[in-house]
Amino acid sequence: MKECEKPKHPDDYGIFIKKLGKNIKYLSDENLVKHGITLEQVKILRFLTLYYSESPAYQKDIEQHFEIKRSSVTNILQNMERNGLITRIGDALDARVKKVLLTEKGKELSISLVDYIIQLENIIVQGMSEDEKRTFKDLLKRSLKNVEEYMC
């Protein structure tokens, strides 16, 4: 390679992280299309199932938990509502505040997708020992923390 040429595949951390995220999303969406749902919607279903199965969540909870803009969450929730997975109800005191509730269909789909989520997680760490998995997760958390500290 000539000295002035750049490598075609740089060995930068950011490139690998971006490719990993993109490939996970692609693999997920490709497999979830048969359910008429996206990975983002699955994450929200799981969040609602785990933390708000008996009581309503608020749209703000979802925005904060996933660190997604209000407009993006609104679009995702509108699609989920159109597909009968959730209902949104205006708060009695402030109609701008939306409560988000799982429907029976949403609960059933969330439960049926648990195995898929576990399978996807296993694909990500395939070939790693238990120690390597813990180390991988710890390093990801540390890298995320490092970046977040510079964002403030």
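One structure accompanies this document, and this report is about it. (Residues numbered from 1 in each chain as written. Predicted model: local features only at pLDDT ≥ 70, side-chain atom pairs only at ≥ 80, totals over all residues. Heavy atoms only, no water.)

On to the layout of surface pockets, then. By volume, the largest pocket amounts to about 2100 Å³. I24, K43, E121, L140 and L144 are, among the 42 residues lining the largest pocket, the residues nearest its centre. Secondary-structure elements contributing two or more residues to the lining of the largest pocket are α1 (13–32), α2 (39–51), α3 (59–66), α6 (114–124) and α7 (130–151). With 14 residues, α7 is the single largest residue contributor to the lining of the largest pocket. Split into classes, the residues belonging to the lining of the largest pocket amount to 23 nonpolar, five polar and 14 charged. (1 Å grid on protein atoms, 1.4 Å probe; cavity = no way out; pocket = protein on both sides within 12 Å on 5 of 7 lines; lining within 4 Å. Points joined across faces, edges and corners; volume = space filled by probe spheres on them. Helix = DSSP H or I, 4+ residues; strand = E, 2+ residues; numbered from the N terminus. Nonpolar A, V, L, I, M, F, W, Y, C, P; charged D, E, K, R; others polar.)

Right, let's talk about the pattern of salt bridges for a bit. Taken as a whole and assessed by the stated rule, the structure comprises nine salt bridges. We note a salt bridge from D29 to K25, for which the minimum N-O separation is 2.6 Å. Here the residue D29 and the residue K25 both occupy positions in helix α1, the gap between them amounting to four residues, near one helical turn. Taking relative accessible area as the criterion, D29 reaches 23% and is therefore assigned partly exposed. Each of K25, D29 and E40 takes part in one network of salt bridges that share partners. (Salt bridge = Lys/Arg side-chain N within 4 Å of Asp/Glu carboxyl O. Buried < 20%, exposed > 50% of the residue type's maximum accessible area, 1.4 Å probe, protein only.)

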